[in-house]
Amino acid sequence: AYERVADIPLLTATEAAQFAVWNATTAPFPDNIAVHRLFEAQVQSSPDAIAVEYGVERVTYATLDARANALARRLRAMGVGRNTIVAICIGRSIEQIVATLAVLKAGGAYLPLDPHYPAARLSLMLHDARPAALLTRHALLERVVAANDAHIPLVVLDDLVQEHDATPLDDGATATDLAYVIYTSGSTGIPKGVAITHRGLCNFAVAQSRDWGIEPGSRVLQFASFSFDASAAEIFDTLISGATLVLMPGDALTPADELTTLLRNARISHVTLPPSLLAVLPDADLPDLRLVAAAGERCPLAVAARWSHGRTFVNAYGPTETTIGPCWHAVTPDDLAAGCVPIGKPIP
């Protein structure tokens with residue numbers, strides 16, 4: 001007798017029962033809303049709170065919103081609308097956050113490009129995604145032009161005259177519209193562009209900020225490369241919660257001792273780092289650090305044991321196709337005693 005592969009159960013009866021329990025994840029979420037609307041709600045409730053810090057630069061929620069609105073109106077005049085892809089290659093800066101929000105406010109979806117990526121990789125992404133425009137700045141123009149053999153229209157932000165109308169736009173964006181397109185690592189072939197909707201990003205950011213205790217007064221480090229989906233988590237977890245996003249200085253890798261100094265001096269309360277970096281960070285007194293999350297790699301037990309002392313340590317996991325990460329787990333003493341660092345259960 002033969003059995004079709006499609007008819008063979010993948011789970012035992014016990015596993016199927018556990019699957020049902022772990023997937024009972026219903027929770028209240030904002031309904032049919034675009035992620036930038038959640039940011040705008042924070043603008044209304046705490047306009048004078050600091051939204052983003054980069055070195056000595058600081059911008060309030062109100063100022064960040066106004067600058068993003070002004071650029072969004074310029075993008076709209078250029079033809080950007082719902083589901084229009086716009087590439088952003090600006091480098092780590094407050095302007096990068098302004099541009100990200102502006103693309104969303106214009107109705108578009110952003111394609112994040114790390115200027116330190118090889119030109120061939122940037123070229124691949126531009127050819128594949130075919131964005132309507134590429135936002136950049138003069139300092140990166142030579143590098144961007146070298147990668148832009150797809151001849152995507154360039155918008156050099158330094159050359160734009162400040163638009164005076166900084167009032168919000170009525171973009172009509174819904175939960176099913178695109179929020180961003182981000183490319184996989186390509187470790188198993190050619191990098192693939194993954195299109196993420198506002199529903200996925202909203203639900204993820206609301207769930208993570210709620211579970212991780214990101215709130216007004218929290219200070220979240222923006223560590224990840226802009227082209228890595230963890231950056232979307234860092235940015236939107238923070239800006240929908242009324243917290244402060246602290247940008248890493250520069251775009252290059254920071255030595256471990258300098259990163260530790262930054263965590264202390266910038267009073268970072270929440271940080272997500274790869275386990276390989278957590279393993280080499282020197283010991284230091286970090287009284288403000290309330291939550292450390294490990295992501296991007298398998299987390300060794302020794303890393304979890306060291307960084308869970310006196311704070312919450314979260315092991316997060318997931319492929320970018322499932323909107324950054326579908327599960328996470330706050331490591332407990334029982335986990336450590338059992339010699340296990342679970343990847344957790346499905347989030348709401």
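Here, every reference points to the structure presented above.
One numbering rule holds for all chains: residues counted from 1, following each sequence as written. Local features in this predicted model are restricted to residues of pLDDT 70 or higher, and side-chain atom pairs are both shown and tallied only at a pLDDT of 80 or more, whereas totals for entire chains, interfaces and linings draw on every residue. Only heavy atoms go into the side-chain values, all of them from the structure, while hydrogens and water stay out.

*Asks:* When you look at the packing of aromatic side chains in this model, what are you seeing that I'm missing?
*Replies:* Pairing of aromatic rings covers Phe, Tyr and Trp, the last through its six-membered ring, and needs centres within 6.5 Å; plane angles under 30 degrees mean stacked, over 60 mean edge-to-face, and all others mean tilted. Under the definition given, this model contains five aromatic pairs. On the numbers, 5.6 Å between centres and 65° between planes, the contact of Trp-212 with Trp-328 is edge-to-face. Of the two residues, Trp-212 sits in helix α7 (residues 198-212) while Trp-328 sits in strand β14 (residues 327-330), which places them 116 residues apart along the sequence. A 1.4 Å probe rolled over the protein chains alone gives each residue an accessible area, and that area as a share of the maximum for its type sets the label: buried under 20%, exposed over 50%, partly exposed in between. Since its relative accessible area comes to 10%, Trp-328 is described here as buried. Ring-pair connections join several aromatic residues into one group, and the members of that group are Tyr-110, Tyr-180 and Phe-226. Numbering of helices and strands runs from the N terminus, with a helix taken as a DSSP run of H or I at least four residues long and a strand as a DSSP run of E at least two residues long.

*Asks:* Sorry if this is basic, but what is going on with the nonpolar core here?
*Replies:* One recurring pattern in soluble globular proteins is that nonpolar side chains are buried together. Only buried residues count toward a nonpolar core, which is a set of Ala, Val, Leu, Ile, Met, Phe, Trp, Tyr and Cys residues joined through side-chain atoms within 4.5 Å. The biggest cluster of nonpolar side chains holds 64 residues, and the ones touching the most others in it are Val-52, Leu-64, Phe-236 and Leu-239. Among the elements that line this core, the one with the most residues is helix α4 (residues 94-105), at eight residues. Among all residues touching Val-52, those that are not within four sequence positions of it are Glu-57, Arg-58, Val-59, Leu-64, Ile-94, Ile-97, Leu-239, Leu-245 and Leu-247. Within the second largest apolar cluster, 25 residues are counted, among which are Leu-263, Leu-281, Leu-289 and Cys-299. What makes two residues a contact is simply this: any of their non-hydrogen atoms within 4.5 Å.

*Asks:* What's the story with the layout of surface pockets in this structure? I'm lost.
*Replies:* Empty space among the atoms can be located by rolling a probe the size of a water molecule over them. A cavity here means a set of 1 Å grid points, computed over protein atoms only, where a 1.4 Å probe fits but cannot escape. A pocket is an open set with protein on both sides within 12 Å along at least 5 of 7 lines, and lining residues have an atom within 4 Å of a point. Grid points are joined across faces, edges and corners, and a volume is the space filled by probe spheres set on the points. In this model, the largest pocket occupies a volume close to 870 Å³. Lining the largest pocket we find 46 residues, and of these Phe-228, Asp-229, Gly-296, Gly-318 and Ile-324 sit closest to its centre. Taken together, the elements giving at least two residues each to the lining of the largest pocket come down to β7 (178-183), α7, β9 (219-222), α8 (230-239), β11 (270-273) and β13 (312-317). Counting residues per element, the lining of the largest pocket draws most heavily on α8, which supplies four residues. For this classification, Asp, Glu, Lys and Arg are treated as charged, while Ala, Val, Leu, Ile, Met, Phe, Trp, Tyr, Cys and Pro are nonpolar and the rest, including Gly, are polar. Here the lining of the largest pocket is built from residues that sort into 23 nonpolar, 15 polar and eight charged.

*Asks:* What's the story with the state of the cysteines in this structure? I'm lost.
*Replies:* Such a bond, covalent and formed between the sulfur atoms of two cysteines, is termed a disulfide. What counts as a disulfide here is a pair of cysteine sulfur atoms lying within 2.5 Å. The final tally for this structure, using the stated rule, is zero disulfides. Unpaired in terms of disulfides, Cys-340 finds its nearest cysteine sulfur in Cys-299, a separation of 11 Å. A relative accessible area of 35% places Cys-340 in the partly exposed class.

So yeah, pure geometry; function would need other evidence.
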